[in-house]
Amino acid sequence: MLNNTFLEGKTALITGGAKGIGGKITETFAQYGAAVAINYSGSEDAARELADKINAAGGKAVIYKCNVADFNAVKEMIDNVIKDFGKLDILVNNAGITKDNLMLRMGEDDFDRVIDVNLKGCFNCMKHVTRSMLKQKYGKIINISSVVGVHGNAGQVNYSASKAGIIGMTKSMAKEVGVKGICVNAIAPGFIETDMTEVLSEDVKSAIRQSIPMGKMGTVDDIAQTAAFLASSSADYITGQVIGVDGGMGM
Ligand code: NAD
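Heads up: these notes are all about the structure in this document. The numbering scheme is per chain: residues are counted from 1 as the chain's sequence reads. A pLDDT threshold of at least 70 governs which residues receive local features in this predicted model, and a stricter bar of 80 or more applies before side-chain atom pairs are shown or counted, although totals over entire chains, interfaces and linings include all residues. Based on all heavy atoms of the structure, the side-chain values leave hydrogens and waters out of the count.

Some words on the layout of surface pockets
Okay, step 1: Cavity: a set of points on a 1 Å grid over the protein atoms alone where a 1.4 Å probe fits but cannot get out. Pocket: an open set with protein on both sides within 12 Å along at least five of seven lines, its lining residues, like those of a cavity, having an atom within 4 Å of a point. Grid points are joined across faces, edges and corners, and a volume is the space filled by probe spheres set on the points. If you add up the space inside the largest pocket, you get close to 1100 Å³.
Okay, step 2: Looking at the largest pocket, it is lined by 47 residues, and the ones nearest its centre are Gly96, Ile97, Thr98, Thr194 and Met196.
Okay, step 3: Those elements giving two or more residues to the lining of the largest pocket turn out to be helix H1 (20-31), strand E2 (35-40), helix H4 (108-136), helix H5 (147-151), helix H6 (157-177), helix H7 (195-198) and helix H8 (202-210).
Okay, step 4: Under this grouping Gly is polar, as are all residues other than the nonpolar Ala, Val, Leu, Ile, Met, Phe, Trp, Tyr, Cys and Pro and the charged Asp, Glu, Lys and Arg. Classifying every residue of the lining of the largest pocket by side-chain character gives 22 nonpolar, 20 polar and five charged. Every helix listed is a DSSP run of H or I at least four residues long, and every strand listed is a run of E at least two residues long, numbered separately from the N terminus.

Given below as structure tokens:
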């Protein structure tokens, strides 16, 4: 049974945790009692504002500027989080970008950049939390994939490859560390209203809505509540799973 402070005593790092889906996950985890480390790359004002809001409400939040694609910078960030908070229990790999184009027009840079941030960024963070989670025999890792990582999407060969890669990495990691009390799961959101989808034209959004059995786009709260459940003790026997939060789109 979950109470409203079911993450009390836990420390969570959320990558890209200042705004959008990551911002809502940060806020929700803090509301449920977790101390939160907010990673950001460009959104310093948003990160600071969110941390101030959480700290003013009696929670604990610290911000960390770091490009998740940079292996050594991620190591430094995670070492600092563990030093500042004493431990790290929950990692949410949320940072992600899109650089959409049809294969014919997609440049090598657009492919490399999306793989570097979305897929290698997820590897970098999991790699550097593993030792401390193994030592404490406890951890929850939640990787944000996408419905297009399962089903593909025209114009997104780079993005869908990165999100499919996250699913493979999630399952492999879950098999490696399950016996040590670490759960590794992925969430595959459908289309969620954020800056990432705001750029789509009204025609595209309307076509998307028609392809969703529930007939509407999702909200950041839909993803944040699922992440909070996976981070909670109610999900202690769930690992290696991909939870679709997509209004039925991925059926
Ligand atoms: P968003 O653009 O609002 O947020 C992405 C966040 O990642 C931003 O805070 C950004 O600063 C951060 N980020 C980008 N590059 C980074 C880097 N190199 N290092 C650290 N942080 C970096 O987008 P969103 O919609 O909130 O997306 C969050 C996650 O959810 C992404 O992984 C995205 O692929 C995934 N997702 C989103 C949707 C959707 O419909 N919005 C659907 C499926 C999956």
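Some points on empty space enclosed by the protein
Okay, step 1: Inspection of every chain in the model, using the stated rule, returns one cavity of 30 Å³ or more.
Okay, step 2: Taken as a whole, the largest cavity encloses approximately 60 Å³ of empty space.
Okay, step 3: Lining the largest cavity are 13 residues, with Thr15, Asn93, Asn94, Ala95 and Cys122 sitting closest to its centre.
Okay, step 4: The set of elements that each furnish at least two residues to the lining of the largest cavity consists of H4 and H6.

Some thoughts on the packing of helix H3 (residues 71-85) against H4
Okay, step 1: Fitted lines through C-alpha atoms serve as axes, helices being fitted only where they are in contact, and the angles separating the N-to-C directions of these axes extend from 0 to 180 degrees. One way to put it is that H3 packs onto H4 with a least axis distance of 9 Å and a crossing angle of 40°. Between H3 and H4, the angle is such that the two are oblique. Seen along the crossing, H3 lies across H4 with a hand that is right-handed. For the pair H3 and H4, contact is made by Phe71, Val74, Lys75, Ile78 and Ile82 and by Lys120, Phe123, Asn124, Cys125, Lys127, His128, Val129 and Ser132, respectively.
Okay, step 2: Looking at the contact of H3 with H4 residue by residue, the class counts come to seven nonpolar, three polar and three charged. Should an angle fall under 35 degrees it is called roughly parallel, over 145 degrees roughly antiparallel, and 65 to 115 degrees roughly perpendicular, with every other angle called oblique. Left-handed describes a crossing whose near helix is turned anticlockwise from the far helix by less than a right angle; the clockwise case is right-handed. It only takes one pair of heavy atoms within 4.5 Å for two residues to be counted as in contact.

Description of the packing of H1 against helix H9 (residues 220-231)
Okay, step 1: In the contact formed by H1 and H9, the axes pass within 8 Å of each other and the chain directions differ by 50°. By the angle between their directions, the pair H1 and H9 is classed as oblique. The two elements H1 and H9 meet at a crossing, and its hand is right-handed. Residues Gly20, Ile21, Lys24, Ile25, Thr28 and Phe29 of H1 form the contact with H9, whose participating residues are Val220, Asp221, Ile223, Ala224, Gln225, Ala227, Ala228 and Ala231.

Concerning the site of the ligand
Okay, step 1: Near residues are defined by distance, with any heavy atom within 4 Å of the molecule or strand qualifying the residue. In the vicinity of the ligand, 28 residues are found, and the nearest of them are Ile21, Asn94, Tyr159, Ile192 and Thr194.
Okay, step 2: Within 3.5 Å is the distance limit for a polar contact, defined as a pair of N or O atoms, with the added protein rule that one can donate a hydrogen and the other accept it, and that residues adjacent in sequence qualify only through two side-chain atoms. Here a nitrogen atom of the ligand and a side-chain polar atom of Asn67 are 2.8 Å apart.
Okay, step 3: Interatomic distance of 2.7 Å between a backbone N/O atom of Ile192 and an oxygen atom of the ligand.
Okay, step 4: Just a note on the criterion: a molecule sits in a pocket or cavity if more than half of its atoms are within 2 Å of the grid points. More than half of the atoms belonging to the ligand lie within 2 Å of the grid points that define the largest pocket.
Okay, step 5: The set of elements that each furnish at least two residues to the shell around the ligand consists of H1, H6 and H7.
Okay, step 6: Residue composition of the shell around the ligand, grouped by class: twelve nonpolar, 13 polar and three charged.

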